[in-house]
Amino acid sequence: MTSSDTPFASRPVAGLGLSPSTTAELSRRFRLLTLPGEVDPQTEVLAVQKGKIDAALLDRLPALKLVATSAAGFDNLDFDLLKSRGITLSNRGNSRDIDVADLAIGLLIDAVRRIAFNDRVVRAGRWVEGRVQQKQRVSGRKLGVLGLGRIGKEIGIRAQAMK
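Think of each chain on its own: its residues are numbered from 1, step by step along the sequence as written. Since the coordinates come from a predicted model, pLDDT governs what is reported: local features require at least 70, and pairs of side-chain atoms require 80 or more to be given and counted, while whole-chain, interface and lining totals use all residues. Only hydrogens and water are removed before side-chain values are computed, so all heavy atoms of the structure are retained for them.

> How should the sheet that holds strand β1 (residues 12–16) be read in this particular structure?
What links the strands of a sheet is backbone hydrogen bonding, and the strands pair in either a parallel or an antiparallel sense. Two strands qualify as a pair provided that DSSP identifies no fewer than 2 bridges between them. Note on conventions: DSSP H or I runs of at least 4 residues are helices, E runs of at least 2 residues are strands, and numbering of each starts at the N terminus. One open sheet holds the five strands; their spatial order is β2-β1-β3-β4-β5, and the pairing between them is parallel. Two strands bound the open sheet, and with one partner strand each, they are β2 (31–35) and β5 (88–91). Between one strand axis and the next, the sheet turns through 25 degrees on average, direction left out of account. As judged from the four bridges shared by strand β3 (residues 45–48) and strand β4 (residues 66–69), these two strands associate in the parallel manner. Lines fitted to C-alpha atoms define the axes here, with helix axes fitted over just the stretch in contact, and angles between the N-to-C directions of these axes take values from 0 to 180 degrees.

So, in structure tokens, the structure goes:
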């Protein structure tokens, strides 16, 4: 499907900090304008993955009605500014939260049990020197999670299972 095959092919969509795959997909469906460069004052939708949304940017997009983001955090967004201009904010939700939490727990276990380190020791033949370390345990320890947003909560759920 090319942009000329879609009903919205002529409508401009602005993109800020988009990945190559997102850029390719949006370009197939819309007339994608890549910020900070290209601007069409008739643009009603801004797709954001990385980058700051501030008054200067919004001033360049006077017809903007929707900011759609797939980012996990909202540090780059000024909610009051968007609200004051009547712009709706859409977030893709927790599509990656579970994967990130799984990885965090996996890295925690690796760091405590030294799995990757021990793998390198064994592959290098240094296990006979007694360098393999298996003395640490994850279970029974306290875990501090800084920030209990969606990802932090998922990490906490997984950590509870480890008692």
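> Looking at this structure, how should I read unusual backbone geometry?
The omega torsion across L35 and P36 is 15 degrees, close enough to zero to call that bond cis. Residue position: P36 is located in the loop between β2 and β3. Notably, R114 is not glycine yet its phi reads approximately 60 degrees, a positive angle. The topology assignment puts R114 in the loop between α4 (97–113) and α5 (115–123).

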